[in-house]
Amino acid sequence: AQSVAQPEDQVKVAEGNPLTVKCTYSVSGNPYLFWYVQYPNRGLQFLLKYITGDNLVKGSYGFEAEFNKSQTSFHLKKPSALVSDSALYFCAVRFETWQLTFGSGTQLTVLP
Amino acid sequence: EADIYQTPRYLVIGTGKKITLECSQTMGHDKMYWYQQDPGMELHLIHYSYGVNSTEKGDLSSESTVSRIRTEHFPLTLESARPSHTSQYLCASSDPGGNQPQHFGDGTRLSIL
């Protein structure tokens, strides 16, 4: 069965510093991987996806993610964090079925 | 922003009432989904649809029901609301194809007294 893990419930960084939100997955084969962001009282917004090709994927709002097949990871990154990036971030994986499996979410707080 | 709309955004209602949560999308997507999410927590799929007249139950057991009479409309109904139904309900839709992202509405926060 496919699964996805976000090992950190919370991540705190100072504004202007780089940020990383971690995601690891467990599937056999080649997964489709997604990152979403959720602001308070809102639905999830799609940030980026990895399907195939370059391991570094660029997405919305300056975010990028690095796919690492050997470590089965898909960490979300941003070179310089903004206070407005503070939100709940979800990693999701899809493999051989149409269903998305979501991680448990990571609350990102960017401190001014 | 994706064109998927949920109403009401907030609902506080008493036990035993019948509730319908509305979800509509204007993107022509065949696939639609309902998720249940407790505050700050992970999402659980409760219903999905491949298209008109198609509905299936998701991974999380739910006492709710859904219907899909029109492509753009995917309402969720609770026949008799209970306090255990208190949660946030998120609707989503997507194009066919495994590499297509799901687009989410802003959710309905439901409180059953």
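Residues numbered from 1 in each chain as written. Chains lettered and ligands numbered in written order. Predicted model: local features only at pLDDT ≥ 70, side-chain atom pairs only at ≥ 80, totals over all residues. Heavy atoms only, no water.

Moving on to the overall build of chain B. For chain B, the helix and strand inventory stands at zero helices and eleven strands. The globule rule puts the C-alpha radius of gyration for 113 residues at 13 Å, and the 13 Å found for chain B is close to it. Dimensions of chain B, computed from the C-alpha atoms along their principal axes, are close to 40 × 30 × 25 Å. Residues classed as buried in chain B amount to 45% of the 113 residues present. Sequence-distant contacts in chain B: of pairs separated by 6 or more residues, those separated by 24 or more amount to 54%. As displayed, chain B has an accessible area near 5300 Å², and 50% of this comes from carbon and sulfur atoms. Charged side chains of chain B number 9 positive and 13 negative; the gap between the two group centres comes to 7 Å. (Helix = DSSP H or I, 4+ residues; strand = E, 2+ residues; numbered from the N terminus. Rg over C-alpha atoms; globule rule 2.2 N^0.38 Å. Buried < 20%, exposed > 50% of the residue type's maximum accessible area, 1.4 Å probe, protein only. Contact = heavy atoms within 4.5 Å. Areas by Shrake-Rupley, 256 points an atom, 1.4 Å probe, with all protein chains shown as cover. Lys, Arg positive; Asp, Glu negative; His and termini not counted. Charge placed at Lys NZ, Arg CZ, Asp CG, Glu CD.)

With 21 residues of chain A in contact, the opposing surface of chain B contributes 27 residues. Counting each side, the surface lost to burial between chain A and chain B is near 1900 Å², with a carbon and sulfur contribution of 50%. Of all residues in chain A, the largest losses of buried area upon contact with chain B belong to Asn41, Trp98 and Phe102 of chain A, amounting jointly to 31% of the total for that side. The interface formed by chain A and chain B holds one salt bridge in total. In this structure, the salt-bridge partner of arginine 42 of chain A is aspartate 106 of chain B, at a minimum N-O distance of 2.9 Å. Where chain A touches chain B, the interface holds seven residue pairs in polar contact (both at pLDDT 80 or more). Residue assignment for the side of chain A that touches chain B shows that the elements contributing at least two residues are β5 (32–38), β6 (44–50) and β10 (87–94) of chain A. Of the residues belonging to the side of chain A that touches chain B, the class tally is eleven nonpolar, seven polar and three charged. (Buried area = accessible area lost by both parts, 1.4 Å probe. Salt bridge = Lys/Arg side-chain N within 4 Å of Asp/Glu carboxyl O. Polar contact = N/O pair within 3.5 Å; in protein donor to acceptor, adjacent residues only side chain to side chain. Nonpolar A, V, L, I, M, F, W, Y, C, P; charged D, E, K, R; others polar.)

With that settled, consider the packing of aromatic side chains. This model, assessed by the stated rule, comprises 15 aromatic pairs over all chains. With centroids separated by 6.2 Å and ring planes inclined at 15°, the aromatic side chains of tyrosine 25 of chain A and phenylalanine 67 of chain A adopt a geometry described as stacked. Linking tyrosine 25 of chain A in strand β4 (residues 24–26) with phenylalanine 67 of chain A in strand β8 (residues 64–68), this pair joins segments that are 42 residues apart in sequence. Taken together, Phe34, Tyr36, Phe46, Phe90 and Phe102 of chain A together with Tyr33, Tyr35 and Phe104 of chain B form an aromatic cluster joined through their ring pairs. The ring of phenylalanine 63 of chain A has lysine 78 of chain A sitting right over it, with the charged end atom 5.0 Å from the ring centre. (Phe/Tyr/Trp six-rings, centres within 6.5 Å; stacked < 30°, edge-to-face > 60°. Lys NZ or Arg CZ within 6 Å of the ring centre and 35° of its normal.)

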